[in-house]
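Descriptive analysis of the structure
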Amino acid sequence: LDGEGIPEWVFAMVWWPVSFMGYMLRLIGRFSKLAFLFSVSAATYYWLYGAIVPPSLSESHPINFLYPLDSKQRKGGVPTNATVDFAFYRQLMVRSGTRGMDWSSSMSPGSSLDIGITLVLPESPANVGVGPFMVKVVVFDKQGNVVGEGSRSMILRHKSSLLQTMSTVFYSIPLVLGFTSEHQAIRGTVVQLISFPKGGLQRATVSISDSRLQVYSASIDISFVLTGFRYYLYHWFVTSMVIGTIVISNLYVSLISWMSRKLF
Amino acid sequence: LDGEGIPEWVFAMVWWPVSFMGYMLRLIGRFSKLAFLFSVSAATYYWLYGAIVPPSLSESHPINFLYPLDSKQRKGGVPTNATVDFAFYRQLMVRSGTRGMDWSSSMSPGSSLDIGITLVLPESPANVGVGPFMVKVVVFDKQGNVVGEGSRSMILRHKSSLLQTMSTVFYSIPLVLGFTSEHQAIRGTVVQLISFPKGGLQRATVSISDSRLQVYSASIDISFVLTGFRYYLYHWFVTSMVIGTIVISNLYVSLISWMSRKLF
Amino acid sequence: LDGEGIPEWVFAMVWWPVSFMGYMLRLIGRFSKLAFLFSVSAATYYWLYGAIVPPSLSESHPINFLYPLDSKQRKGGVPTNATVDFAFYRQLMVRSGTRGMDWSSSMSPGSSLDIGITLVLPESPANVGVGPFMVKVVVFDKQGNVVGEGSRSMILRHKSSLLQTMSTVFYSIPLVLGFTSEHQAIRGTVVQLISFPKGGLQRATVSISDSRLQVYSASIDISFVLTGFRYYLYHWFVTSMVIGTIVISNLYVSLISWMSRKLF
């Protein structure tokens, strides 16, 4: 009487989600204790994961090169320096609600960091003329001790005039409209495996060997190198989650059975 | 008898807004006390919001670089300086009825400001030849103390001659008609997180390291960085408004019940 | 009998303006006392407005730079000066019947002026070579005291050779026929918010830092900055007129009622 005039299949289609929900509920009801156990275990695993693995594996802070004020000195090609105050940027991140690396105790000493530099360089004749240049990074901890130090050479990628012309023609629309410009982003790791100091990094100095180099913008990139247990937790996320949840649920079952034996 | 000759649906359509209004009015009548309470609470919230959050989060004032009068000195590339008297511009804004940042007590000390510079530079051979230059900003408070200081490098965006030709051809109509010119606007934050001094900023000096740089116009941009409570009030406007209105209405109800208990 | 032979609708159409006029006249007759009151009030408001707001908010006078007579000195780039005698130009304006700013008492001291400079510069290689130059303006009152002083940098707008070619080709007809020339008009405010001295401005000296600059013609632009009450009278013209007329009519009514009570 309900389905009078409505074809059977329409009725079935309308009814489908309801019957599916009912099936799921019955399934949950049947396995509810197990499901509850697993949910609690997964939550515990999630909590542990958050405590062990840092919320973000990398941080990037802008750096500002201070060119010599004297134009003759600048043309002479003396080094250009920049200083980064990590404490300041950490404060900025906290204020803006961004979560960066957690420099507190949960990142145990003995962990290690890589420090790299990203330079955005215009493909100008001046930069092409500079050729290879050295980038030097020195990192300091809270007490002012040098924690890590390194230098590496960097160079603008060479483009023949034909390639340059082709690139400019290919990207002509965004270039002319001002959405992009003729520049290259050069990345490189300068210091590797700095052991993480207690209280975090405080300050870094970056210097470029030639002040004739024209830099649009630059940044220092800190990345946390996960080692040992943390490495597997992060890079084998699903596997370690499944194993971890099962292990934790077993622990819970053992704990409950032990407690019930003890109490009753 | 009323709808004689008029189809039923026309009547319904015409009548619809009237019946809807009637429904709304009955609804308002039923919930009038609650609605009144919420209106008063929302008005109170709005008043508090206006007292806590500054009316404008940023201000921009023109700056005027004073080039050396001696042309030989100018060619030599000595620094160029400019001074901005914020008190003067505040007066200008008040006179023209513009509401800028509120420098009075409602912006409590401890808040912070970012200060940036915008330079409009012609794409002239002279400017391209200057290459990177330093911009230095020093900010003073009412007592003449230095509140913030910073410098950063800036540079004209490089354009290859092909791109320059393409740009000029692309924008030829507005360029020839004089609506625009071959220039670039370069922006950059120079000083970050100046803690807001009591009585506001008074004065700033801006200097460019190389007086060979040709500047069409420049401005100093002050932006208020909302932190803590203010940050949430502004960036989570709707959420904080709903919560705030409910909290205030509860406070009103408590106050009224307390007063009525006290009085009668 | 009236409309015999003439269709009804033609008659109605012809008669329409007459009946409309009649309606309007009857309406005016009914409200004539009120209309008379408002007309008188509006006239009073207009008279007050003319007395308070200056007839013209800006004035522009030509200036003439006196180049050094010695060509060696001229090539060396010493400053070029010009003097403007405002009293002289005011006399000129009075003679030609132009109404400029009203320098008499109705513009109360405490009002303020902006002073700018307009330079018409040829796009010659000499001018391009000068680059940025300083313009300095000093303004004197009747007693010879310095009322305002300021300087700013100005520069010819850069045009790439391609753009210059395109412009010359585009405007070739008026250029060849001599209706226009390859020049640019550069404008800029040099002194802001000079407080208006008693008796008006008397004299100004303008100097350009580099006498190699070729100037076709130049002018000094004085603009009156409306503040406070005047600002609203001028920039919210309709609103203030309506409010002003109503207020004045109320004053008239009060006055008349007071007088009639007093007299009869």
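Bear in mind that the values here come from a model prediction, so they are computed numbers and not experimental data. (Residues numbered from 1 in each chain as written. Chains lettered and ligands numbered in written order. Predicted model: local features only at pLDDT ≥ 70, side-chain atom pairs only at ≥ 80, totals over all residues. Heavy atoms only, no water.)

**Remarks on the interface of chain C and chain B**
Keep this limit in mind: Here, two residues are considered to be in contact whenever any of their heavy atoms come within 4.5 Å of each other. In protein, a polar contact means a hydrogen-donor-capable atom and an acceptor-capable atom, both N or O and within 3.5 Å, with residues adjacent in sequence counting only if both atoms are side-chain atoms; elsewhere, any N or O pair within 3.5 Å suffices. By the criteria applied, helices consist of DSSP H or I runs no shorter than four residues and strands consist of E runs no shorter than two, each listed in order from the N terminus. Note on residue categories: nonpolar means Ala, Val, Leu, Ile, Met, Phe, Trp, Tyr, Cys or Pro, charged means Asp, Glu, Lys or Arg, and polar means any other residue, Gly included.
Contacts between chain C and chain B engage 30 residues on the former and 31 residues on the latter. For the pair chain C and chain B, the interface holds six residue pairs in polar contact (both at pLDDT 80 or more). Contributions of two or more residues to the side of chain C that touches chain B are made by helix H5 (125-130), strand E5 (146-154), helix H6 (161-170) and strand E6 (183-195) of chain C. Among the elements that make up the side of chain C that touches chain B, the one with the highest residue count is H6 of chain C (five residues). Looking at the side of chain C that touches chain B, its residues break down into twelve nonpolar, 13 polar and five charged.

**Section: the environment of valine 138 of chain C**
All names here are of chain C. Short version of the rule: Only protein chains enter the calculation, and the probe is 1.4 Å; a residue is then buried if its accessible area is under 20% of its type maximum, exposed if over 50%, and partly exposed in between.
Counting through the fold element by element, valine 138 comes out in strand E4 (residues 133-141). A relative accessible area of 11% places valine 138 in the buried class. In this structure, the C-alpha to C-alpha distance between valine 138 and serine 153, residues 15 residues apart in sequence, is 15 Å. Discounting chain neighbours no more than four positions away, the residues touching valine 138 are Val146, Gly148, Glu149, Arg203, Ala204 and Thr205.

**Examining the pattern of salt bridges**
Where charged atoms from two side chains of opposite charge come close, those side chains can pair. Residues and elements named next belong to chain B. Rule in force here: By convention in these notes, a salt bridge is any Lys or Arg side-chain nitrogen within 4 Å of a carboxyl oxygen on Asp or Glu.
This structure, assessed with the given rule, holds nine salt bridges over all chains. Close ionic contact of lysine 136 with glutamate 149 constitutes a salt bridge, the shortest N to O distance being 3.8 Å. In this pair, lysine 136 sits in strand E4 (residues 133-141) while glutamate 149 sits in strand E5 (residues 146-154), placing the two residues 13 residues apart along the sequence. Of the residues examined, lysine 136 reaches a relative accessible area of 37% and is grouped as partly exposed.

**Considering the sheet that holds strand E5 (residues 146-154) of chain A**
Whenever strands of a sheet pair, they do so through backbone hydrogen bonds, lying parallel or antiparallel. Residues and elements named next belong to chain A. Rule in force here: We call two strands paired when DSSP finds no fewer than two bridges between them. Only the contacting stretch of a helix is used when fitting its axis, a line to C-alpha atoms as for every element, and angles between N-to-C directions run 0 to 180 degrees.
Strands sit in the order E2-E7-E4-E5 across an open sheet of four strands; the sheet is antiparallel. Here the strands that pair on one side only, and so sit at the sheet edges, are strand E2 (80-85) and E5. With strand direction ignored, the average angle separating the axes of adjacent strands in the sheet is 15 degrees. Pairing geometry for strand E4 (residues 133-141) and strand E7 (residues 201-208), over seven bridges, is antiparallel. By the bridge assignment for E7, valine 135 is matched with isoleucine 208.

**As for the interface of chain B and chain A**
Many structure descriptions define interface size as the accessible area lost when the parts assemble. Defined as follows: Once two parts are brought into contact, the accessible area they lose, counted with a 1.4 Å probe and summed over both, makes up the buried area.
If you look at the interface, chain B gives 29 residues, while chain A gives 31 residues. Between chain B and chain A, a total of about 2,600 Å² is buried, with carbon and sulfur atoms accounting for 58% of that surface. A per-residue breakdown of the area chain B buries against chain A is headed by Pro132, His158 and Leu193 of chain B, which together make up 22% of the total. On the surface where chain B and chain A come into contact, there are six residue pairs in polar contact (both at pLDDT 80 or more). Only helix H5 (125-130), E5, helix H6 (161-170) and strand E6 (183-195) of chain B provide two or more residues apiece to the side of chain B that touches chain A. Broken down by element, the residue count for the side of chain B that touches chain A peaks at five residues, all from H6 of chain B. Across the side of chain B that touches chain A, the residue classes tally to twelve nonpolar, twelve polar and five charged.

**Section: the packing of H6 of chain B against H6 of chain C**
Selection criterion: Should an angle fall under 35 degrees it is taken as roughly parallel, and over 145 as roughly antiparallel, whereas 65 to 115 is taken as roughly perpendicular and any remaining angle as oblique. With the far helix as reference, a near helix turned anticlockwise by less than a right angle produces a left-handed crossing, and one turned clockwise produces a right-handed crossing.
Relative to each other, H6 of chain B and H6 of chain C sit at 25 degrees, their axes nearing to 9 Å. It follows from the interaxial angle that H6 of chain B and H6 of chain C lie roughly parallel. Between H6 of chain B and H6 of chain C the crossing geometry is right-handed. Facing Thr165, Thr168 and Val169 of chain B of H6 of chain B, the residues of H6 of chain C in contact are Leu162, Leu163 and Met166 of chain C. In the contact of H6 of chain B with H6 of chain C, the residues fall into four nonpolar, two polar and no charged.

**Overview of the sheet that holds strand E3 (residues 112-122) of chain B**
Residues and elements named next belong to chain B. Taken in spatial order, the four strands of this open sheet run E1-E8-E3-E6, and their pairing is antiparallel. One side of each edge strand has no neighbouring strand; the edge strands of this open sheet are strand E1 (58-63) and E6. Here the strands of the sheet are splayed against their neighbours by 20 degrees on average, with no regard to which way each runs. As paired strands, E3 and strand E8 (residues 217-225) are joined by nine bridges and run antiparallel to one another.

**Things to note about the pairing of E4 of chain A**
Residues and elements named next belong to chain A. Of all the nine residues making up E4, seven are buried; the element is thus mostly covered by neighbouring parts of the structure. Taken together, the eight bridges between E4 and E5 define a ladder with antiparallel strand orientation. Following the sheet pairing, phenylalanine 140 is matched in E5 by valine 146. Connecting E4 to the antiparallel partner E5 that follows it, the hairpin turn spans four residues, and glycine 144 within it adopts a positive phi of roughly 90 degrees.

**Structural notes on the side chain of glutamate 59 of chain B**
All names here are of chain B. Along the polypeptide, glutamate 59 turns up in strand E1. Judged by relative accessible area, which is 4%, glutamate 59 ranks as buried. A polar atom in the side chain of glutamate 59 sits 2.5 Å from the side chain of histidine 61.

**Some thoughts on the confidence of the model for chain A**
Using the following cut-off: Summary of the metric used: pLDDT quantifies the predictor's per-residue confidence within the range 0 to 100.
On average, chain A scores 83 in pLDDT, and the residues at 70 or more come to 91%. Mean pLDDT values over the elements of chain A span from 74, in helix H4 (residues 86-95) of chain A, up to 93, in helix H6 (residues 161-170) of chain A.

**Structural notes on the packing of helix H2 (residues 32-52) of chain C against helix H9 (residues 237-263) of chain C**
Residues and elements named next belong to chain C. Where H2 meets H9, the axes come as close as 8 Å, and the angle between the chain directions of the two elements is 120 degrees. Our classification of the angle between H2 and H9 gives oblique. Every pair of crossing elements has a handedness; the one defined by H2 and H9 is right-handed. Packed against H2, whose contacting residues are Leu37, Phe38, Val40, Ser41, Ala42, Thr44, Tyr45, Leu48 and Tyr49, the element H9 presents Phe237, Ser240, Met241, Gly244, Thr245, Ile246, Ile248, Ser249, Tyr252 and Val253 at the interface. In the contact of H2 with H9, the residues fall into 13 nonpolar, six polar and no charged.

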